[in-house]
Each structure stands twice: as structure tokens, then as C-alpha cells.
Amino acid sequence: MDELQFLNVFNYCFVSPTYLSFDIENNRYDFRLGNLRVCWNVTLLIVLVTVNCIGATVMVLEFMQDQLDSVMGACNIIICIMRLSVVIPLILWIWLYRHKVLEVCTIALNLLQDKSKLQFQNPTKRNSRCLLYWMQVGTIVILLIAAVVGDVYIWWKFIAKQKLYYILNLSAYIILDFVSLMHLMYTQCLALVIADHFHELACRVKNEPDEPDILQTVNTIWDVLEHYKQRIIATFGVMNVLHALDALVKCAVETYVIFSTWEMGFGLLGAFLDIITLTVYAVTFFIFAFAHDRVEVKEAELKDALKSMQYTNLKRQSRDQKDFYDLVNLKLMMESPKITACGLFEINLQIFYNVFAAIITYIVILFQFRGFEKSP
């Protein structure tokens, strides 16, 4: 239950419309949809987007007029546009998909609270998973705060000439980046719920193959997990496409900006915010892809365990058991639905490698454009 209680963090981080609370009357936990809280999250994000748009426009007009036709100026504009291209749909997603998110969270909760489910994973491992989640959130917060401090110092002392509105714009910029990263982590946590249940099922099949009704129990929970997976695909598909595009564009552009800032004489301190942004986005997207890849791996382990199970104790199997094994074989031969981004691509480690390869390609393109810029 601790893992699902951790999801309340995302409600406070403006990316989740649901909240897990304990219902005293029914003596059970329940996900609730607080419309006032959703309205508050949406309103605050709209204010941050407005502040960021105004601040970015002022900065472009004041500090970058002579760079608008340069690659560096284009990179800064691309970063601003990409940020808004993720956050604005996220605002709409929180409001329009709130009931679908509630359904996804409720399915996950029922899997944990249902007495017929398998509980093979020990509490210590679950607590360790929650600790890793907290470490991930804490690392993102610390790095972004450090990036703000370093970047404010550079602009306050050398570029913006102690203009306070720049700090306001930078704060909005960092908060929006934080919100985007938290939504990416939110999707990651929900995917790991599926992976953990597949792992528990596989362990139970391997360790207790002679348990009565084990196949019926596994088949029932497997169907629930498949439904859960399909709801995740329908709920998070659009945002997963935007997150993949966001990671691709930002990592490529930030890498170019780091090299250019170094050449301009500002050193690593001048590119501190860009270095942190590149690192945080790359690592978070990798963990996101790894979590979804783990779903496929653990489901494959369950299928292998079921295949090997049906060949044990063949002489003691009843006719009903053999008929049920035939049904299981039909299900094993059917391809399970993959978690995709609107059907455009599967979300696993392969998408991370593809994005990484595309990042290198776009970095080369940006440097080629700079070569044209320097040529007479």
C-alpha cells in the first residue's frame, strides 16, 4: 500500500488528479477525485505558463535581438516552445483525463486490496521501492534548485544586470520542468505496478506449482493486469508521445547550448542549468523506458513459468486440468498488448536507444547550421 500512497506526491506536484485516502466507513483505502484540487492544479499551471511566456518574450526582445537569426537564438526559442508544447497539453490532460486516471488508480488499488491476489513480494522490498522513489524525487529537486542558483548568479551578475523579473521567469521555467519530469515519473510508477504483479505471479507459479487452483488464480489476475495495461495505454498515450519528443529535443538542444556556452567564455558555471537539465531529462527518461521494459520482461517470465508448469506431473493431471492447460496455451500463443504511445511506438529500452541515436544526429545538424552561420 505504501507504493500507492506515494502516488499522493504527484497530486501535490500538480500532475495527478487523484488522491488516496482511507475510508473509515468501509475500512479500506480509496482513490478519490477532488475537483477543487484539480481546479487548483490547473489554475496554478496556467499562471506558471503565462509567467513563463511573458518572461520568455521579454528576454527574447531584450537580450536576444541580435541572436534571433543565430543557431543559439533558435535553440532558446525551441526550448521555450518545447516546454510549452508539453505543459499546455498536460494541463488539458489533467482536466480531460481525470476520470480515466481515477479508473487506472482504482484498478491498481483493487489488485493490492483483493484478498484473492497473490502476495509473494515481501514488505521490505516494497519499502525499498518507495525509498528509491523518494530518492528519485529528491535528486530531481536538489539538482533543479542547484541549477537555478547557478544560472541566477550568472544572469544577475553578468547578463541581466540585476533585473528581478528574470528570476521570476527562471523560477517558472524550473517549476514547469519539474512538473513535466514528475508526470514522466508518475507514468513510470504506474507501469512498475504491473511489472511487480507479473513478477509475483511468476514466482508463485515457479515455487508452488502444485497449489490447488493456481492456474485459475493466475489467469484471473492476468486478465486484470491486461485490462490495466490497456487503460494505461488509452490514458497516457498522448503524453508519452510528447515526453519522448521532449526528451529528444531538449537533450539535443541542451547539449549544443553547453558546447556553445563553453566557447563563449562562460565556462561550466554558465552552462550549469543546461548541464543539469540534460542530465535530469536523460536519466529520468531512461528510468521511464526501463520501467516499461520491465513489464515486458516480467510478463515473458510468467509465460515461461506457465509453459514449464504444464509439463510437470503429467501422469497426475486430471482431464479438467489438461483442458485448462489447453486454454492457457491458446492465451500464451496470443500476443499480449504492448504499452505504446498512441500506437506510434512501443515504450521500452529500445525507444531510449532510438532517442539517444536521434539526439546525436540532431546535435550534428545543429553544428552544421552553426558552420553555415559563421561562413561569409
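Residues numbered from 1 in each chain as written. Predicted model: local features only at pLDDT ≥ 70, side-chain atom pairs only at ≥ 80, totals over all residues. Heavy atoms only, no water.

**A short note on the packing of helix α4 (residues 71-96) against helix α8 (residues 214-263)**
And then number 1: Between α4 and α8, the least distance of the axes is 10 Å, while the angle of their chain directions is 160°. When the interaxial angle is binned, α4 and α8 end up roughly antiparallel. α4 and α8 meet at a crossing whose hand is left-handed.
And then number 2: Residue composition of the contact of α4 with α8, by class: 18 nonpolar, 5 polar and 4 charged. (Axes fitted to C-alpha atoms, helices over the stretch in contact; angles between N-to-C directions. Helix = DSSP H or I, 4+ residues; strand = E, 2+ residues; numbered from the N terminus. Parallel < 35°, antiparallel > 145°, perpendicular 65-115°, else oblique. Left-handed = near helix turned anticlockwise from the far one by under 90°. Nonpolar A, V, L, I, M, F, W, Y, C, P; charged D, E, K, R; others polar.)

**Remarks on the side chain of arginine 294**
And then number 1: With respect to the element layout, arginine 294 can be found in helix α10 (residues 272-309).
And then number 2: Buried and without a salt bridge, arginine 294 has aspartate 196 as its closest oppositely charged side chain, separated by 4.0 Å.
And then number 3: Those residues in contact with arginine 294 that lie beyond four places of it in its chain are Arg129, Leu192, Ala195 and Asp196. (Buried < 20%, exposed > 50% of the residue type's maximum accessible area, 1.4 Å probe, protein only. Lys, Arg positive; Asp, Glu negative; His and termini not counted. Salt bridge = Lys/Arg side-chain N within 4 Å of Asp/Glu carboxyl O. Contact = heavy atoms within 4.5 Å.)

**Remarks on the pattern of salt bridges**
And then number 1: Summed over the entire model, instances satisfying the criterion amount to 5 salt bridges.
And then number 2: Here lysine 298 ties to glutamate 301 by a salt bridge, and the two come within 3.5 Å at their closest N and O atoms. Within this pair, lysine 298 and its partner glutamate 301 are both found in helix α10, separated by 3 residues, close to a single helical turn.
And then number 3: Note on glutamate 301: relative accessible area 26%, which makes it partly exposed.
And then number 4: Overlapping salt bridges, with partners in common, bring together Glu226, Lys229 and Glu299 in one network.

**Focus: the packing of aromatic side chains**
And then number 1: This model, assessed by the stated rule, comprises 13 aromatic pairs.
And then number 2: Centre to centre, the rings of phenylalanine 286 and phenylalanine 290 are 6.4 Å apart; their planes meet at 20°, and the pair counts as stacked. Of the two residues, phenylalanine 286 and phenylalanine 290 both sit in helix α10, 4 residues apart, roughly one turn of that helix.
And then number 3: Three or more aromatic residues joined by ring pairs make a cluster, and in this case those are Phe6, Phe10, Trp93, Tyr97, Tyr133, Trp134, Tyr186 and Phe236.
And then number 4: Here arginine 98 stacks its cationic end above the ring of tryptophan 95, 4.0 Å away from the centre of that ring. (Phe/Tyr/Trp six-rings, centres within 6.5 Å; stacked < 30°, edge-to-face > 60°. Lys NZ or Arg CZ within 6 Å of the ring centre and 35° of its normal.)

**Notes on the UniProt feature "transmembrane region" (unreviewed entry) in the protein chain**
And then number 1: According to UniProt, the positions carrying the feature "transmembrane region" (unreviewed entry) are residues 40-61, 73-96, 131-154, 166-186, 232-253, 265-291 and 351-369.
And then number 2: End C-alpha to end C-alpha, residues 73-96 measures 35 Å, and it is 100% helix and 0% strand.
And then number 3: Helix makes up 100% of residues 166-186 and strand makes up 0%, while its end C-alpha atoms are separated by 30 Å. (UniProt positions renumbered as here; feature names shortened; annotations may be inferred.)

**Some details on the pairing of strand β1 (residues 18-23)**
And then number 1: Here β1 runs beside strand β2 (residues 28-33); their pairing, made up of 6 bridges, is antiparallel. In the sheet register, serine 21 faces β2, and the bridge partner there is aspartate 30. (Pairing = 2+ DSSP bridges.)

**Description of unusual backbone geometry**
And then number 1: Even without glycine at this site, phenylalanine 14 takes up a positive phi of about 75°.
And then number 2: Residue position: phenylalanine 14 is located in the loop between α2 (8-12) and β1.
And then number 3: Residue class for phenylalanine 14 comes out buried when judged on its relative accessible area of 15%.
And then number 4: Backbone geometry places cysteine 342, a non-glycine residue, at a positive phi of 55°.
And then number 5: By secondary structure assignment, the location of cysteine 342 is in the loop between α11 (319-333) and α12 (349-374).

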